[in-house]
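# Structural description and commentary
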Amino acid sequence: MVVDPKHASVNGRKRSQRPQKTHREVADELRARIRSGTLRAGQRMPTQARLADEFGVERGVVRQALHLLQTEHLLTNVSKGSPATVAPDLGLNRTLTGPGAAPQPTMVTLGPRIATAFAAPHVEIDALCLTSVSLNLAIGEGLRQIHAGELNPAKIDVRVLLPGRDIDLAFPVPVEGRGDDDPVHERWLAQRNAQGQVLQHNLLALRATHGIDVHVTFRALPFTPPVKLYLLNGMEALFAYYTLSRRKEEIDDEHLELYDSEGTQSMLFAFEHGAGLRDTTFVEQSHLWFNALWETISSELTLTS
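The structure presented is a predicted model; accordingly, all values stated were derived computationally and were not measured.

Rules of the game
Residue positions are given per chain, counted from 1 along the sequence in the order it is written. Since the coordinates come from a predicted model, pLDDT governs what is reported: local features require at least 70, and pairs of side-chain atoms require 80 or more to be given and counted, while whole-chain, interface and lining totals use all residues. Working from all heavy atoms in the structure, the side-chain values ignore hydrogens and water. Only DSSP runs of H or I with at least four residues qualify as helices, and only runs of E with at least two residues qualify as strands; both kinds are numbered from the N terminus onward. We call a residue buried when its accessible area falls under 20% of the maximum for its residue type, exposed when it is over 50%, and partly exposed in between, using a 1.4 Å probe and counting protein chains only. A contact between two residues is defined here by any heavy atoms of the two lying within 4.5 Å. For accessible areas, the Shrake-Rupley method is used with a probe of radius 1.4 Å. Any residue's cover is judged against the shown protein chains and nothing else. Within this document, salt bridges are pairs made up of a side-chain nitrogen of Lys or Arg and a carboxyl oxygen of Asp or Glu, the two lying within 4 Å of each other. The rule is short: rings of Phe, Tyr and Trp, with Trp giving its six-membered ring, pair when the centres are within 6.5 Å, and they are stacked under 30 degrees, edge-to-face over 60, tilted in between. Strand pairing requires that DSSP identify at least two bridges connecting the strands. Here a helix's expected span is defined as the number of its residues, less one, multiplied by 1.5 Å. Residues adjacent in sequence count toward polar contacts only when both atoms are side-chain atoms; beyond that, a polar contact is any pair of N or O atoms within 3.5 Å, and within protein one must be able to donate a hydrogen and the other to accept it. For our purposes a nonpolar core is just a set of buried Ala, Val, Leu, Ile, Met, Phe, Trp, Tyr and Cys residues, chained together by side-chain atoms within 4.5 Å.

When helices and strands are tallied, the protein chain shows seven helices and 15 strands. A burial count over the protein chain gives 46% of its 305 residues as buried. Of all intrachain contacts in the protein chain linking residues separated by at least 6 positions in sequence, the fraction that spans at least 24 positions is 72%. Summed over its atoms, the accessible surface of the protein chain is roughly 15,700 Å², and 51% of this surface lies on carbon and sulfur atoms.

What follows is the structure, given as structure tokens:
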């Protein structure tokens, strides 16, 4: 008997002739059930296998959807083992991430978003920032889930644009201007290099520990970025302004006034491809802008003093 490939089974499950749902479509349906009360606070979710059967998708798609809902604080205990649980606290005052949500500080928002991005088979992260401190902090949760066996991407590509070492930074700078010896610039350069080296080391280590194909590349910009931008898997853009303040700090036993920005506190605005014309256009244009910088005026960056 000749079997129509469209009806062939995989692991005993029949393939649907319809296009397979994306993890975001699965998440949308489950989110609607939670918000409508069909799935109640504190209730255990169906198993990933059962959800995969219901939606006609692979378990990896279900896992990505569940991780997305966990970052929105709608689910807890998402793992490969026991079923997840609907969060016990679903009050209306709870802040949710996702399209249309209010912006939150980088240190609050970026980690869960990157952890969700790490659920994809091919992880692609592009970042434009001042030092990569926030990126280093945020990537920790994704790395933890990989080491715990909860996530297993096959490939990770990370590209980072940072200011070049020899440019006159707009910030951080001493209020009274630069002298021949600029401790503020030297401290920034040391931080840029150290953070980049740690990021590179932690990601490249996944080659040996988990056999993941990892590539991490840095390039130098000839200007100080007034904003930070993170692009995740071609589907999401997270954007924040560097807001400057004047403050005093002790650097090399010297008390200095300087203009600087606390990047981890910068408010991130989220734009998602497919969440409407405005969001989709922003994500697409952000990719075009990043690629143009990468391919034209940026240069090779070496993370040394």
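The structure having been displayed, the exposition proceeds.
Here the focus is the pattern of salt bridges. If you walk through the whole model with that rule in mind, you get 16 salt bridges. A salt bridge links Arg159 to Asp126, with the shortest nitrogen-to-oxygen separation between them at 2.9 Å. Of this pair, Arg159 sits in strand β7 (residues 155-163) while Asp126 is found in strand β6 (residues 122-128), placing the two residues 33 residues apart along the sequence. Relative accessible area serves as the criterion here: at 9%, Asp126 is assigned to the buried category. As a salt-bridge pair, Glu249 and Arg187 come within 2.3 Å of each other at their nearest N and O atoms. In this pair, Glu249 is assigned in strand β12 (residues 245-251) and Arg187 in helix α6 (residues 183-210), connecting sequence segments 62 residues apart. When its relative accessible area of 31% is taken as the criterion, Arg187 is described as partly exposed. Several salt bridges share partner residues, and in doing so they unite Arg187, Arg247, Glu249 and Asp260 into one network.

Attention shifts here to the packing of aromatic side chains. As enumerated under the stated definition, the model contains five aromatic pairs in all. Measuring from centroid to centroid gives 5.0 Å for Phe239 and Tyr241, while their planes differ by 85°, and the two rings are edge-to-face. Seen in terms of ring centroids, Phe271 and Phe282 are 3.9 Å apart; in terms of plane orientation they differ by 20°. Their pairing is stacked. Taken together, the positions of Phe271 in strand β14 (residues 267-272) and Phe282 in helix α7 (residues 277-295) put the pair 11 residues apart, joining distant regions of the chain. Phe271 sits in the buried class, given a relative accessible area of 10%. Since its relative accessible area comes to 25%, Phe282 is described here as partly exposed. Through a chain of ring-to-ring contacts, the aromatic side chains of Phe239, Tyr241, Phe271 and Phe282 assemble into a single cluster.

Read across the open sheet, the eight strands follow the order β5-β14-β11-β10-β6-β7-β9-β15; overall the sheet is mixed. Each edge of the open sheet is held by one strand with a lone partner, namely β5 (104-105) and β15 (299-300). The sheet contact formed by β6 and strand β10 (residues 227-232) spans four bridges and is antiparallel. Looking across to β10, one finds that Asp126 is bridged to Leu231.

Moving on, we get to the environment of Ala52. With respect to the secondary-structure elements, Ala52 resides in helix α2 (residues 48-55). Residues Ala52 and Val26, spaced 26 residues apart in sequence, show a C-alpha to C-alpha distance of 9.5 Å.

Moving on to helix α4 (residues 106-117). Residues separated by three or four positions in an α-helix point in the same direction, a consequence of the helix having 3.6 residues per turn. With 12 residues, α4 ought to run about 16 Å at 1.5 Å a step, and its terminal C-alpha atoms sit 16 Å apart, in line with that. In terms of residue burial, α4 counts as a mostly covered element, since nine of its 12 residues are buried. Among all positions in α4, only Thr106, Thr109, Leu110, Gly111, Arg113, Ile114, Ala115, Thr116 and Ala117 are buried.

Another point: the pairing of β14. Relative to β14, β5 is paired through two bridges, and the arrangement is antiparallel. Within β14, the position partnered with Gln104 by the bridge is Leu268.

Mapped onto the elements, Ser298 comes out in the loop between α7 and β15. Of the polar contacts made by the side chain of Ser298, one reaches the backbone oxygen of Leu293; its length is 3.1 Å. A polar contact is formed between the side chain of Ser298 and the backbone oxygen of Trp294, at a distance of 2.7 Å. Not counting residues up to four positions away in its chain, the partners in contact with Ser298 are Leu161, Arg219, Ala220, Leu221 and Leu293.

To continue, consider unusual backbone geometry. Of note, the amide linkage connecting Phe171 to Pro172 takes the cis form, showing an omega dihedral of 0°. Here Pro172 lies in the loop between β7 and β8 (173-174). Positive phi outside glycine occurs at Ser132, with the angle close to 70°. Of note, Ser132 is situated in the loop between β6 and α5 (133-147). Unlike most non-glycine residues, Asn233 shows phi in positive territory, near 55°.

This paragraph deals with the nonpolar core. If you look at the biggest cluster of nonpolar residues, it comprises 41 residues, and the most contacted ones within it are Ile114, Phe118, Ile156 and Leu203. Looking at this core, the elements that each hand over two or more residues are α4, β6, α5, β7, α6, β9 (213-221), β10 and β11 (236-241). Aside from chain neighbours lying at most four places away, what touches Ile114 is Ile125, Leu135, Ala138, Ile139 and Leu232. Counting 21 residues, the second-largest nonpolar core is a separate cluster that includes Phe55, Leu74, Val78 and Ala84.

Interpretation note: all reported values are geometric properties and have no functional meaning in isolation.
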